[in-house]
Amino acid sequence: MATAYELALEKVKNGTKPEVVAAELVDSMTLEEKVHCLDGAVPFWIGIKDITTGGYHSRPFRAAKVERLGIPGFHFSDGPRGVVVGEATAFPVSMARGATFDPELETRVGDAIGKELRTIGADLYGGICVNLLRHPAWGRAQETYGEDPHHVGEMGAGLTRGAQRHVMATLKHFALNSMENARFGVDVTVDERTLHEVYLPHFKRIVDEGVACVMTAYNSVNGHWCSQSEELLAEILRGEWGFTGFVISDWIFGVRDGVKSLQAGLDVEMPYRMIRNAPIVAALAEGLITEKLVASAVTRTIATMLKFNIGKLSVRDRSVVLCKEHLILSQEVAEKSMVLLKNESVGGATLLPLELKPGSKIAMFGRLAAARNIGDGGSSDVMAPNVVTPLIGVGEHFSNCEVVYEPGANLEEQARLAKQSDVAIVVVGYTKEEEGEFIGDSEDTVDMVKQIPRQDDPVLASEYEKYMRENHHYAPDELRIKSRNGTFSIGGDRESIRLLDADVQMIRAVAKVQPRTIVVIVAGSAVVMSEWINEVPAVVMGWYSGINGGRALANILSGAVNPSGRLPFVIPHDESHLPFFDRNAKKITYDYWHGQWKLDRDGNEAMFPFGFGCSYTQFLVSSPTIETNEVVKFRCEVSNTGSRDGATVVQVYAGRNDSLLERPKRRLVAFKRVELRAGETKHVECTASLQSLATRDTKTHSWFIEDGLWNFEIAQFSGDPKALPIELSISKRIDL
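Computed from a predicted model, the values in this text were never measured in an experiment.

Asks: Explain the sheet that holds strand S7 (residues 220-221) here, please?
Replies: Paired through backbone hydrogen bonds, the strands of a sheet run either parallel or antiparallel to each other. Read from one edge of the open sheet, four strands run S8-S7-S5-S19, paired in mixed fashion. In the strand order of this sheet, the two ends are held by strand S8 (224-225) and strand S19 (587-589), each with one partner. Relative to S8, S7 runs antiparallel, the two sharing two bridges. Within the sheet, the bridge partner assigned to Ser220 lies in S8 and is Trp225.

Asks: Would you take a moment to explain the environment of His173 for this structure?
Replies: With respect to the helices and strands, His173 occurs in strand S4 (residues 168-174). Linking His173 and Cys129, residues 44 residues apart in sequence, is a C-alpha distance of 6.5 Å. Apart from residues no more than four positions distant in its own chain, His173 is found in contact with Cys129, Asn131, Arg140, Phe203, Met215, Thr216, Ala217 and Asp250.

Asks: Explain the sheet that holds strand S29 (residues 724-730) here, please?
Replies: Spatial strand order, S24-S23-S28-S29: four strands in an open sheet with antiparallel pairing. Edge positions in the sheet fall to strand S24 (667-676) and S29, since each has one partner strand and no second. The mean angle between the axes of side-by-side strands here comes to 20 degrees, regardless of whether they run parallel or antiparallel. As paired strands, strand S23 (residues 646-655) and strand S28 (residues 708-715) are joined by five bridges and run antiparallel to one another. Bridge assignment links Val652 to a residue of S28, and that residue is Ile714.

Asks: What am I meant to see in the packing of aromatic side chains here?
Replies: Between two aromatic rings, the relevant description is the distance of the centres plus the angle of the planes. Under the definition given, this model contains 20 aromatic pairs. Of the aromatic side chains, those joined through ring pairs into one cluster are Tyr56, Phe61, Phe76 and Trp251. Positioned above the aromatic ring of Trp225, the side-chain terminus of Arg256 is 3.8 Å from the ring centre. Over the ring of Trp710 we find Arg656, and its NZ or CZ is 5.0 Å from the ring centre.

Asks: Sorry if this is basic, but what is going on with the packing of helix H6 (residues 103-117) against helix H14 (residues 324-337) here?
Replies: For any two helices packed against each other, one specifies the inter-axial angle together with the distance between the axes. In the contact formed by H6 and H14, the axes pass within 11 Å of each other and the chain directions differ by 150 degrees. Handedness of the crossing formed by H6 with H14: left-handed. On H14, the residues that touch Leu105, Arg108, Val109, Ala112, Lys115 and Glu116 of H6 are Glu325, His326, Leu329, Glu332, Val333 and Lys336. A class-by-class count of the residues in the contact of H6 with H14 yields five nonpolar, one polar and six charged.

Asks: Would you take a moment to explain the side chain of Ser227 for this structure?
Replies: The topology assignment puts Ser227 in the loop between S8 and helix H10 (230-240). Accessibility expressed as a relative area gives 1% for Ser227, which makes it buried. Polar contacts involving the side chain of Ser227 include one to the main-chain carbonyl oxygen of Gly254, which spans 3.1 Å. If sequence neighbours within four positions are ignored, Ser227 has contacts with Thr216, Ala217, Leu233, Gly254, Val255, Arg256, Ser261 and Leu266.

Asks: Sorry, what's going on with the pattern of salt bridges here?
Replies: When their charged atoms lie close together, side chains carrying opposite charge are able to pair. Enumeration according to the criterion identifies 55 salt bridges in this entry. Here Arg238 ties to Asp267 by a salt bridge, and the two come within 2.9 Å at their closest N and O atoms. With a gap of 29 residues between them, Arg238 in helix H10 and Asp267 in the loop between helix H11 (258-264) and helix H12 (277-285) connect regions that are remote in the sequence. For Arg238, a relative accessible area of 17% puts it in the buried group. Since its relative accessible area comes to 0%, Asp267 is described here as buried. Between Glu434 and Arg367 there is a salt bridge; the shortest N-O distance is 3.2 Å. Taken together, the positions of Glu434 in the loop between strand S15 (423-429) and helix H17 (458-470) and Arg367 in the loop between strand S13 (361-365) and helix H15 (390-397) put the pair 67 residues apart, joining distant regions of the chain.

Asks: Would you explain the side chain of Glu437 in this entry?
Replies: Mapped onto the elements of the fold, Glu437 is located in the loop between S15 and H17. For Glu437, a relative accessible area of 7% translates into the label buried. Once residues lying within four places of it in the same chain are set aside, the contact partners of Glu437 are Gly139, Arg140, Glu180, Arg183, Asp376, Gly378, Ser379, Ser489, Ile490, Gly491 and Gly492.

Asks: Is there a simple way to think about the environment of Pro579 in this case?
Replies: Tracing the backbone shows Pro579 in the loop between strand S18 (571-572) and S19. For Pro579, a relative accessible area of 8% puts it in the buried group. As for Pro579 and Lys598, which are separated by 19 residues in sequence, their C-alpha atoms are 7.9 Å apart.

Rules and cut-offs
Residues numbered from 1 in each chain as written. Predicted model: local features only at pLDDT ≥ 70, side-chain atom pairs only at ≥ 80, totals over all residues. Heavy atoms only, no water. Pairing = 2+ DSSP bridges. Helix = DSSP H or I, 4+ residues; strand = E, 2+ residues; numbered from the N terminus. Contact = heavy atoms within 4.5 Å. Axes fitted to C-alpha atoms, helices over the stretch in contact; angles between N-to-C directions. Phe/Tyr/Trp six-rings, centres within 6.5 Å; stacked < 30°, edge-to-face > 60°. Lys NZ or Arg CZ within 6 Å of the ring centre and 35° of its normal. Left-handed = near helix turned anticlockwise from the far one by under 90°. Nonpolar A, V, L, I, M, F, W, Y, C, P; charged D, E, K, R; others polar. Buried < 20%, exposed > 50% of the residue type's maximum accessible area, 1.4 Å probe, protein only. Polar contact = N/O pair within 3.5 Å; in protein donor to acceptor, adjacent residues only side chain to side chain. Salt bridge = Lys/Arg side-chain N within 4 Å of Asp/Glu carboxyl O.

As far as function goes, none of this settles anything; it's purely spatial.
Here it is in structure tokens:
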């Protein structure tokens, strides 16, 4: 006999709106069942023991299950670089994928992750992390795509499209969560234009894409915790943007006031029955809130589950996990993400690509050359086996050469080794210990402990113990080696955005005796290089590059693959050119200016501008045209004028010379990655929405496009001296 939920799914399949069917189903619930759906229904003490002893990597986390009606609940597993439960394919981190400037490729990544999620029974993916990179010291920079709102929105929309072929996706962290150590306590002050024009456009783009779920941030905005912000949740997300999915909290201490969070529009506290349940039950008993308010939250959750056919999604066979197709895709992404920043001539020819005779000696240096170093050790960690390190990848590819690596050598010994070699490859940067999600004690959560139930509900505890027994996915202990509690790394914001002193000393020692020195940087965002970059001829941004990153690096260095990655952020000459950053701040103001926009405004030349990247071939952009209707279309010809196949990224920037409003000198409004054979020319079209030109009217809280002359540049990076200018005249103000 079909359950009530199965009958509800059938009604939706036959054309009844999910919201209508969900409301009927919720009406049939008891008040206790409705309240049960407002949190993860996992008792805190058994839950916290589980998560700190490997549970996070062992099973998805369930919420909103109602046994009597057959409602299966949703099952959450995190991201964004792959499935965090059991063994799985580790893709390059999101920032690396941002460097591909390829939303279609990101859709393929989302599709692959979605398939692997279904092998563990997960149906809610927590991987659409799009908080803007305000400052590269942010510990979780690697989990987003870059510093530009348009670029981040398009990449996040691509991942959402792919993942939601198989599961629901979660957009996070809403909003202004661009600091890590202080995330539990910092209040971010922001004005209306900055909020809507800088820090929210990418969120709206992904809401418009149809994302199922939104996760709130830990921090507060303009004095209100995100989990209970009526401005963010009720007025903007649901009111102005029309979001119809459900909203969950960030995990553990993500809710401050249970009743206020419900009133603002937060639907589910995750992952435990922790802060919210007791205050809501009490408020209902005292008549301070109504059952109708509770029902509205549950209806949004159930309606979204019905819309995505949760409970009837196909379960994938484990053979899809770490399958050949996904390993190849991970390597393809890594190859397309790596950014060639510098490639000077040595002995009359550019150092890269390497052309080595058989028997040549390659010396590799740095603690990261042989390390399994695929990114943060927090909630995004993927238990990927058989990671191909740079040392392994270079050794495999250059098998006819001698590859030497002496990790215990001092500087003098490293210099000797470098001098005796034909080329030196120095792999430097960071690990999960230097940057990542902050998982440690915070003074900002001390008072919240008082709100946690003193003991677990025995019925819930029994149910969860049964769930743990029935849902356990294996990952070898060697993949779980962490720095804290055997489960998570401490991570946090970087103390500096320059390399560690030991890395700088090693680069200098090697480069002093070996003119053919290549520096490969492993990091989640920008690294200031001023103190050493003039001493080396070649630099590659290698990122945390996933399970097959070492093979990708070898292909880039050898020329088997032509580098085509482009920087998704600016790299300044000096850290002082960036916004103020205090990783322990209690209060901070986010103004309009960060990244490339701030450098342009202040007149500081970038060391490497936004969108920059070198190639082993050359490209020419010509014949620009513009057409306007409901959108703005830019057309041009792109030619590969060199001798190698390759790819470039056409980037369109908008600006105003005569505006009375403060705005960036150049703002990205469109981009397209273009693959070209040697000698080939392609006609390229990029489309920008009118919204990308819009300004927030702070009096009417609406949008308009300023009249007058708009200046566009069709370029290959921000500030490209070869950019093609094109103008558009708007005769009168356009109200949107």
